[in-house]
Amino acid sequence: MSLRHALLGLLADRPQTGYDLNKRFEESLSRYAWHASHSHIYPELKRMTVDGLVEVVDEGTRGSKTYGITESGTAALREWMFTPKDGPVRSEAVLRLFLLSALEAEDARTLIDQVIAHTETESAELREAVQRIEAAAQPGDKPPFARFAAEFGLRFQQLQRDWAQWAIDQLDESATPTDDRGPSSD
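Because the structure is a prediction, the values reported are computed rather than measured.

Rules and cut-offs
- Residues numbered from 1 in each chain as written.
- Predicted model: local features only at pLDDT ≥ 70, side-chain atom pairs only at ≥ 80, totals over all residues.
- Heavy atoms only, no water.
- Pairing = 2+ DSSP bridges.
- Helix = DSSP H or I, 4+ residues; strand = E, 2+ residues; numbered from the N terminus.
- Contact = heavy atoms within 4.5 Å.
- Axes fitted to C-alpha atoms, helices over the stretch in contact; angles between N-to-C directions.
- Parallel < 35°, antiparallel > 145°, perpendicular 65-115°, else oblique.
- Left-handed = near helix turned anticlockwise from the far one by under 90°.
- Nonpolar A, V, L, I, M, F, W, Y, C, P; charged D, E, K, R; others polar.
- Core = buried A, V, L, I, M, F, W, Y, C linked by side-chain atoms within 4.5 Å.
- Buried < 20%, exposed > 50% of the residue type's maximum accessible area, 1.4 Å probe, protein only.
- Expected span 1.5 Å × (residues − 1).
- Arc of directions from axis to C-beta.

(A) The arrangement of the sheet that holds strand 3 (residues 65–69) in detail. Read from one edge of the open sheet, three strands run 1-3-2, paired in antiparallel fashion. What marks the edges here is a single partner per strand, and that holds for strand 1 (16–17) and strand 2 (54–59). Packed onto the sheet, helix 1 (residues 3–13) meets strand 1, strand 2 and strand 3 and runs at close to 95° relative to strand 3.

What follows is the structure, given as structure tokens:
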């Protein structure tokens, strides 16, 4: 994903200033999907304006500009949305889980317990976010912006929680000594 596509998606929701876009990144995207700072957003908006993907739809006091997505920008966003990502996916969290067997069972369990605690915290925060999103929604409108992502986040946290419980069960099962003497002759 690129900053350009994230900005196009946010502007497809509604016209916004660079300040508004920065705030939306901080409130929702930075933590779960994509990080961008003020120093990244404004230069990209200028490039996107030159490329005809966005346009200034209003100018406010102190030189603030409100940007809106153009037809070309909408087409570029749509094309990107329907183009599958090529190349490897990298995740340090998944790499740690892949290497879990390199740890002693007690350390592995500690790490898995941390996964559980993290998923519970994240789930609680996402449930609150969903409540805020739904409270701000107007009846009859399409699902509010970010609602699909928030639901994905909730379900992803549950998936991680389920996996962690499975992993603990595996550790417990491997720690249980087996009886190698065979059937009893009683």
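(B) Structural view of the packing of helix 1 against helix 4 (residues 71–81). For the pair helix 1 and helix 4, the least separation of the axes is 10 Å and the interaxial angle reads 120°. With respect to helix 4, the element helix 1 is oriented oblique. Crossing angle aside, the handedness with which helix 1 passes helix 4 is left-handed. In this structure, helix 1 uses His 5, Leu 8, Gly 9 and Ala 12 to contact helix 4, whose residues at the interface are Gly 73, Ala 76, Leu 77 and Trp 80. Here the contact of helix 1 with helix 4 is composed, by residue class, of five nonpolar, three polar and no charged.

(C) Structural context of the nonpolar core. Counting residues in each nonpolar core, the largest one holds 17 residues, and the members touching the most others are Leu 7, Leu 8, Leu 11, Leu 21, Phe 25, Ile 41 and Leu 45. Elements with a minimum of two residues in this core: helix 1, helix 2 (18–32), helix 3 (38–50) and strand 3. Among the elements that take part in this core, helix 1 stands out by supplying six residues, more than any other. Excluding its chain neighbours within four sequence positions, the residues that come into contact with Leu 11 are Gln 16, Leu 21, Leu 45, Val 54, Tyr 67 and Ile 69. Within the second largest apolar cluster, nine residues are counted, among which are Leu 100, Ala 164, Ile 168 and Leu 171.

(D) The side chain of Gln 157, seen in detail. One can find Gln 157 in helix 7 (residues 147–175). Excluding residues that lie within four positions of it along the chain, Gln 157 makes contacts with His 118, Thr 119, Glu 122, Ser 123 and Leu 126.

(E) Summary view of helix 3. Under the 1.5 Å per step criterion, the end-to-end length of helix 3 is 19 Å for 13 residues, consistent within 8% with the ideal 18 Å. Along helix 3, the residues that are buried comprise Ile 41, Glu 44, Leu 45 and Met 48. Angular distribution of buried residues about the axis of helix 3 spans 110°; they occupy a single face of the element. Residues of helix 3 that are exposed and angled more than 90 degrees away from the buried face: Ser 39, Lys 46 and Val 50.

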